[in-house]
Amino acid sequence: MAGEYLARFTYPWEALAGIKNLILELGENLNKDDYLEISPQVWAHKTAKIMPSAYIGAPCIIGPETEVRHCAFIRGSALIGANCVVGNSTELKNVILFDNVQVPHFNYVGDSILGFKAHMGAGSITSNVKADKSLVVIHCQPEIATGIKKVGAMLGDFADVGCNSVLNPGTIIGRHSNVYPTSCVRGVIPASSIHKNNGTIVTKR
């Protein structure tokens, strides 16, 4: 659903500011044969499975066959694709989850975009605000100033983040890359790489 919207931007974090309005626009035009407005400005596909203990704030769209499990906390501005898992005690805020994304256990995902089949292990989180509250910078060569105070992580397709890892503000994980459990990640991890928990990055063979 977000494809046309995301194509407008050079960098993915530029899309964060408009996620709320995107969801509201999409929601008003959803096929009513497929989607139910389960509360004001919260739309869920009829095949989605939502546990009664989950909290879903507006605006939000939940795609086909997606599971929202017990005690999930969706604060709002969440566009959730098809066949996703939003699990126990997972919190979402201002996010786009592509199809088949899994955030299944004790995750915090804020001001972030997660690509197709991206997965975050139990307890892994995106940190979206710097300790000194200054604007987020993407640590690469050369550095890129985002001009934004809140930027979480951008995960490419099939990216996998190990359990209890922290993705610092402005972290970029390339497609098909893996992050070891208990890692503290900052900057850009290239596609098809492995980030080890001592900070070493190696290319997959």
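Right above here is the structure, for reference.
Reading the values: rules and limits
Residues numbered from 1 in each chain as written. Predicted model: local features only at pLDDT ≥ 70, side-chain atom pairs only at ≥ 80, totals over all residues. Heavy atoms only, no water. Helix = DSSP H or I, 4+ residues; strand = E, 2+ residues; numbered from the N terminus. Buried < 20%, exposed > 50% of the residue type's maximum accessible area, 1.4 Å probe, protein only. Polar contact = N/O pair within 3.5 Å; in protein donor to acceptor, adjacent residues only side chain to side chain. Contact = heavy atoms within 4.5 Å. Phe/Tyr/Trp six-rings, centres within 6.5 Å; stacked < 30°, edge-to-face > 60°. Pairing = 2+ DSSP bridges.

Here we take up unusual backbone geometry. Residue Pro59 is bonded to the preceding Ala58 through a cis peptide linkage, with omega at -10°. Structurally, Pro59 is set in the loop between β4 (55-56) and β5 (60-62). Put simply, Gln141 and Pro142 share a cis peptide bond, and its omega is -10°. Topologically, Pro142 is positioned in the loop between β15 (137-138) and β16 (144-145).

Take the side chain of Lys93 next. Among the structural elements, Lys93 can be located in strand β10 (residues 91-97). Residue class for Lys93 comes out buried when judged on its relative accessible area of 14%. Engagement of the side chain of Lys93 in a polar contact is seen with the side chain of Asp111, the distance being 2.5 Å. If near-sequence neighbours (up to four positions away) are discounted, Lys93 is found in contact with Arg75, Gly76, Ser77, Tyr108, Val109, Gly110, Asp111, Asn128 and Lys150.

What follows is about the packing of aromatic side chains. Each aromatic ring pair is characterised by the separation of its centres together with the angle its planes make. Tallied over the entire structure, the rule returns four aromatic pairs. Ring geometry for Phe116 and Phe158: centres 5.5 Å apart, planes at 85°, overall edge-to-face. Here Phe116, found in the loop between β12 (108-114) and β13 (119-120), pairs with Phe158, found in the loop between β17 (153-155) and β18 (160-161); they are 42 residues apart in sequence, far enough to count as distant. A relative accessible area of 35% places Phe158 in the partly exposed class.

Turning our eyes to something else, we now look at helix α2 (residues 19-28). Every buried residue belonging to α2 is among Ile19, Leu22, Ile23, Leu24 and Gly27, and all of these are buried. For α2, the elements touching its buried residues are α1 (3-6), β2 (42-45), β5, β8 (78-80) and β10.

For Asp157, the position within the fold is in the loop between β17 and β18. Taking C-alpha positions, Asp157 is 8.8 Å from Ser177, a pair spaced 20 residues apart along the chain. Setting aside anything within four residues of it in sequence, one finds Asp157 in contact with Gly115, Phe116, Arg175 and His176. Polar contacts involving the side chain of Asp157 include one to the main-chain amide nitrogen of Phe116, which spans 2.9 Å.

Another point: the pairing of strand β1 (residues 35-39). Sheet topology note: the β1/β2 ladder contains four bridges and is antiparallel. Opposite Leu36, over in β2, you have Ala44 as the bridge partner.

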